[in-house]
Amino acid sequence: MITEGRLDIASGLANDPEGKLRTALLKRLAGMEQACAVARRSLQDRGTYSQLRVAGAAVSAAVMVLQRQQVVSGSERSNG
């Protein structure tokens, strides 16, 4: 099931010339990043804090991937 979701997002991003899906995903990920940061600042046990750190890192990585794709897509459009 996860694979199907990944394919849906990948094909959606590939067919998103205006960047609406990418913008929506970046906005949602920004909210998730903020939520992880806020939760990390509250009192947590060691295991929960570690899980929040890992989750925050994963969300940050997803943001970087989307931003990098946007730069690559933009340069391909200007070259094409």
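The structure presented is a predicted model; accordingly, all values stated were derived computationally and were not measured.

Caption draft 1: Just the overall build of the protein chain, in detail. Looking only at helices and strands, the protein chain has 3 helices and 0 strands in total. In the protein chain, the succession of α and β elements from N to C terminus is α-α-α. The contacts of the protein chain with a sequence gap of at least 6 include a subset with a gap of at least 24, amounting to 57%. When the accessible surface of the protein chain is summed, it comes to about 6,400 Å², and 57% of that surface belongs to carbon and sulfur atoms.

Caption draft 2: Representation of the nonpolar core within the structure. Listed in full, the 7 residues of the largest apolar core are Leu-13, Leu-25, Leu-26, Leu-29, Val-59, Val-63 and Leu-66. Looking at this core, the elements that each hand over two or more residues are helix 2 (20-41) and helix 3 (46-79). Apart from the residues lying within four places of it in its own chain, the contact partners of Leu-13 are Leu-21, Arg-22, Leu-25, Leu-66 and Gln-69.

Caption draft 3: Structural view of the layout of surface pockets. The calculated volume of the largest pocket comes to roughly 290 Å³. Around the largest pocket, the lining residues are Ile-9, Leu-13, Leu-25, Arg-28, Leu-29, Met-32, Ala-58, Ala-62, Val-65, Leu-66 and Gln-69. Of all the secondary-structure elements, those providing two or more residues to the lining of the largest pocket are helix 1 (2-14), helix 2 and helix 3. In terms of residues, the lining of the largest pocket owes the most to one element, helix 3, which gives 5 residues. Here the lining of the largest pocket is built from residues that sort into 9 nonpolar, 1 polar and 1 charged.

Caption draft 4: Seen up close, the confidence of the model for the protein chain. Confidence along the protein chain averages 84 in pLDDT terms, with 79% of residues attaining 70 or more. Model confidence for the protein chain, summarised as mean pLDDT per element, is weakest for helix 1 at 72 and strongest for helix 2 at 93.

Parameters and conventions
Residues numbered from 1 in each chain as written. Predicted model: local features only at pLDDT ≥ 70, side-chain atom pairs only at ≥ 80, totals over all residues. Heavy atoms only, no water. Helix = DSSP H or I, 4+ residues; strand = E, 2+ residues; numbered from the N terminus. Contact = heavy atoms within 4.5 Å. Areas by Shrake-Rupley, 256 points an atom, 1.4 Å probe, with all protein chains shown as cover. Core = buried A, V, L, I, M, F, W, Y, C linked by side-chain atoms within 4.5 Å. Buried < 20%, exposed > 50% of the residue type's maximum accessible area, 1.4 Å probe, protein only. 1 Å grid on protein atoms, 1.4 Å probe; cavity = no way out; pocket = protein on both sides within 12 Å on 5 of 7 lines; lining within 4 Å. Points joined across faces, edges and corners; volume = space filled by probe spheres on them. Nonpolar A, V, L, I, M, F, W, Y, C, P; charged D, E, K, R; others polar. pLDDT = per-residue confidence, 0-100.

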